[in-house]
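Chain by chain, the residues:
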Amino acid sequence: MGAKHIPVTQCGTWVRTSNGGHFASPNFPNTYPPNKECVYILEASPRQRIELTFDEPYHIEPSFECRFDHLEVRDGPFGFSPLIDRYCGIRSPTPIRSTGRFMWIKFTSDEELEGLGFRAKYSFIPDPDFSYLGGILSPIPDCQFELSGPDGIIRSSQVEQGDKLKAGQAVDCIWTIKATPKAKIYLRFLDYQMEHSMSCKRNFVAGL
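Everything numeric in this text was worked out from a predicted model, so none of it was measured.

**Here we look at the overall build of the protein**
Stage number 1. In terms of helices and strands, the protein carries one helix and 14 strands.
Stage number 2. Within the protein, the proportion of its 208 residues that are buried is 36%.
Stage number 3. In the protein, once contacts between residues fewer than 6 apart in sequence are set aside, the share between residues at least 24 apart is 72%.
Stage number 4. Working note: accessible area of the protein is about 13,100 Å², and carbon and sulfur atoms make up 52% of it.

Following this line, the structure appears as structure tokens:
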């Protein structure tokens, strides 16, 4: 996958590309609408980090501690991931970098005093935590499963059974569950144990 542009009319999305891309507040470069809440989740490849930079013009309604219109950036894939900062005003933020391969971003506008908004570019850079002797560790192999039917079981052991993983190797696997039209998917954990699961940074399970 190459660089991806999120249409300016799209308010919130999960983005997974190989070369980065950009996104903007609704209606940019025109004034953003009131009472909007847009969540963007950026995902880099394993062993990469995310760098976020902002174009000009940039204008989000200024307020003390950015309590009104604002852009909230978190270091991870969730709304409870560690907060990097909240941003507003007329000066674009300096480049923002994640410490892992996910970044969670929420743009919020209230009922009055809208601005022109923002346009942000995201790019992916090597994660220095996985560098050694000036080199980069080998890429993590592709690991994907597709499931369908009225019910089924997902197990982490399926990774080893499917020859997706070698002993001691990092893994990044995706299970895609396909339901029939108008059906909902109900997922219940029967057994769960993750190392350092409270941090939800290096080791985690997430529903997309």
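**Topic: the packing of aromatic side chains**
Stage number 1. One pass over the full model with this rule turns up eleven aromatic pairs.
Stage number 2. Pairing F54 with F118 gives two aromatic rings, centres 6.1 Å apart and planes at 70 degrees, and the pair type is edge-to-face. Placement of the pair is F54 in strand β5 (residues 48-54) and F118 in the loop between β9 (102-109) and β10 (119-126), with a sequence separation of 64 residues.
Stage number 3. Residue classification places F118 among the buried residues on the basis of a relative accessible area of 0%.
Stage number 4. Cluster of aromatic residues (ring-pair linked, three or more members): F23, Y32, Y40, F54, Y58, F107, F118, Y122 and F124.

**Focus: the nonpolar core**
Stage number 1. If you look at the biggest cluster of nonpolar residues, it comprises 25 residues, and the most contacted ones within it are F23, L42, L52, I105 and F118.
Stage number 2. Residue assignment for this core shows that the elements contributing at least two residues are β4 (36-43), β5, β6 (70-74), β9 and β10.
Stage number 3. Aside from chain neighbours lying at most four places away, what touches F118 is F23, A24, S25, F28, F54, Y58, I60, L71 and F107.

**A look at the environment of G21**
Stage number 1. You can see G21 is positioned in strand β3 (residues 21-24).
Stage number 2. The sequence separation of G21 and K121 amounts to 100 residues, and the corresponding C-alpha distance is 5.8 Å.

**Quick word on the environment of V73**
Stage number 1. Residue placement: V73 occurs in strand β6.
Stage number 2. Here V73 falls in the buried class, since its relative accessible area comes to 0%.
Stage number 3. For V73 and M103, which are 30 residues apart along the polypeptide, the C-alpha to C-alpha distance reads 7.1 Å.
Stage number 4. Ignoring sequence-local partners within four residues, the contact set of V73 consists of L83, I84, D85, Y87, I96, M103, W104 and I105.

**Structural notes on the side chain of E61**
Stage number 1. Relative to the assigned elements, E61 resides in the loop between β5 and β6.
Stage number 2. As a buried residue without a salt bridge, E61 has its nearest oppositely charged side chain in R86, at a separation of 11 Å.
Stage number 3. Residues in contact with E61, not counting those within four places in the same chain, are Y32, F68, D69, C88, G89, D110, E112 and L113.

**Quick look at the pattern of salt bridges**
Stage number 1. With the rule as written, the count across this model stands at nine salt bridges.
Stage number 2. Among the ionic pairs, E43 bridges to R101, the shortest N-O distance being 3.1 Å. Here the residue E43 occupies a position in strand β4, and R101 occupies one in the loop between β8 (96-97) and β9, the gap between them amounting to 58 residues. As far as the burial class goes, E43 and R101 line up, both buried.
Stage number 3. One salt-bridge network, held together by shared partners, links E72, R74 and R86.

**Quick notes on the environment of F28**
Stage number 1. When you line up the elements, F28 lands in the loop between β3 and β4.
Stage number 2. Residues F28 and R119, 91 residues apart in the sequence, show an inter-C-alpha distance of 7.3 Å.

**Some details on unusual backbone geometry**
Stage number 1. The omega torsion of the bond from F28 to P29 falls at 10 degrees, within 30 degrees of zero and hence cis.
Stage number 2. The peptide bond linking E56 to P57 adopts the cis configuration, its omega dihedral lying at 0 degrees.
Stage number 3. Along the chain, the position of P57 falls in the loop between β5 and β6.
Stage number 4. One non-glycine residue with positive phi stands out, namely E65, at about 55 degrees.
Stage number 5. Here the phi dihedral of K182 falls at roughly 70 degrees; this positive angle occurs in a residue that is not glycine.
Stage number 6. Considering the arrangement of structural elements, one finds K182 in the segment after β14 (174-177).

Calculation rules
- Residues numbered from 1 in each chain as written.
- Predicted model: local features only at pLDDT ≥ 70, side-chain atom pairs only at ≥ 80, totals over all residues.
- Heavy atoms only, no water.
- Helix = DSSP H or I, 4+ residues; strand = E, 2+ residues; numbered from the N terminus.
- Buried < 20%, exposed > 50% of the residue type's maximum accessible area, 1.4 Å probe, protein only.
- Contact = heavy atoms within 4.5 Å.
- Areas by Shrake-Rupley, 256 points an atom, 1.4 Å probe, with all protein chains shown as cover.
- Phe/Tyr/Trp six-rings, centres within 6.5 Å; stacked < 30°, edge-to-face > 60°.
- Core = buried A, V, L, I, M, F, W, Y, C linked by side-chain atoms within 4.5 Å.
- Lys, Arg positive; Asp, Glu negative; His and termini not counted.
- Salt bridge = Lys/Arg side-chain N within 4 Å of Asp/Glu carboxyl O.

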